[in-house]
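Here are the chains, one letter per residue:
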Amino acid sequence: MPAPPEGLILNEEQLRAWQAVQADLAAVKARLARLERTRPGDVDLLRTRPEFTREVARMLAYDERYGCVSSVVYFDVMGLAEKEDSLRDSLAQWIGETLLTHVRGCDIVARLAPDEFGVFLVRCGHEDADKKARMLTESLAPHLRSFGLQDIGFETYSFGEPAGETAQVASRMAEQAMQIVAPQTTR
């Protein structure tokens, strides 16, 4: 850690504070360097369920405040959970990378369960989200069929439609929608 600039006189408390700021700055620089090296398809960008939930809640609060509409698409890859661990993980990684490649940088992609994925489409209404979900399903299906996975279920839910709906209510409804679609086949 670098020393304080020459000629700067700090008491013990100020020195500790300066060192803490320097440590924080070093951590931020390291994170920035890692993010600058990240490509769009890197697995680092594939969120976990808790990260996805946190980011969606944050974005929904923004949407609620400014009257925007965003959508979430839940994908259920039927039969993926039953595959051998290494094959399942490889396929899940490929699915995540494919989803990341086909969405905008501001959108959020997550692996929610061994056979479930979520995509949060920022400022995207229901009709456009449904079109995007169909396009993503068509992108995934041929490769997955070669591994014996025939069905990809999806459900699209738009937050902020109808106007005035809170993020908590919308999140609960989206989760319920996914439970309904899970046993169904590709729509």
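**Some words on the nonpolar core**
Inference 1: Core analysis: the largest hydrophobic core is formed by 25 residues, its most contacted members being F75, I95, L99, F117 and L144.
Inference 2: Elements with a contribution of two residues or more to this core: β2 (70–77), α3 (85–101), β4 (116–121), α4 (126–145) and β5 (152–159).
Inference 3: Considering every element that reaches this core, the biggest residue donor is α4, with 6 residues.

**Quick word on the pattern of salt bridges**
Inference 1: Enumeration according to the criterion identifies 10 salt bridges in this entry.
Inference 2: With a closest N to O distance of 3.8 Å, R54 and E55 form a salt bridge.
Inference 3: E55 sits in the buried class, given a relative accessible area of 13%.
Inference 4: D107 is the partner of R104 in a salt bridge, and the nearest nitrogen-oxygen pair spans 2.9 Å.
Inference 5: The class of R104 is partly exposed, set by a relative accessible area of 40%.
Inference 6: Here D107 falls in the buried class, since its relative accessible area comes to 7%.

**As for the packing of aromatic side chains**
Inference 1: Following the criterion strictly, the structure yields 2 aromatic pairs and no others.
Inference 2: Pairing F75 with F154 gives two aromatic rings, centres 6.2 Å apart and planes at 45 degrees, and the pair type is tilted. Residue F75 is located in strand β2, and its partner F154 is located in strand β5; the two are separated by 79 residues in the primary sequence. No difference in accessibility class separates F75 from F154, as the two residues are buried.

**Overview of α3**
Inference 1: An ideal rise of 1.5 Å per residue puts 24 Å on 17 residues; α3 measures up with 24 Å between its terminal C-alpha atoms.
Inference 2: Listed in full, the buried residues belonging to α3 are R88, L91, A92, I95, G96, T98, L99 and L100.
Inference 3: Contacts made by the buried residues of α3 are with β1 (46–47), β2, β3 (108–113), β4 and α4.

**Thoughts on α4**
Inference 1: Compared with an ideal rise of 1.5 Å per residue, which puts 20 residues at 28 Å, α4 spans 28 Å between its outermost C-alpha atoms and is within 8% of the ideal.
Inference 2: Turning to α4, its buried residues number three or more, namely A129, D130, A133, L136, T137, L140, A141 and L144.
Inference 3: Where α4 is buried, its residues meet β2, α3, β4 and β5.

Thresholds applied
- Residues numbered from 1 in each chain as written.
- Predicted model: local features only at pLDDT ≥ 70, side-chain atom pairs only at ≥ 80, totals over all residues.
- Heavy atoms only, no water.
- Core = buried A, V, L, I, M, F, W, Y, C linked by side-chain atoms within 4.5 Å.
- Buried < 20%, exposed > 50% of the residue type's maximum accessible area, 1.4 Å probe, protein only.
- Helix = DSSP H or I, 4+ residues; strand = E, 2+ residues; numbered from the N terminus.
- Salt bridge = Lys/Arg side-chain N within 4 Å of Asp/Glu carboxyl O.
- Phe/Tyr/Trp six-rings, centres within 6.5 Å; stacked < 30°, edge-to-face > 60°.
- Expected span 1.5 Å × (residues − 1).
- Contact = heavy atoms within 4.5 Å.

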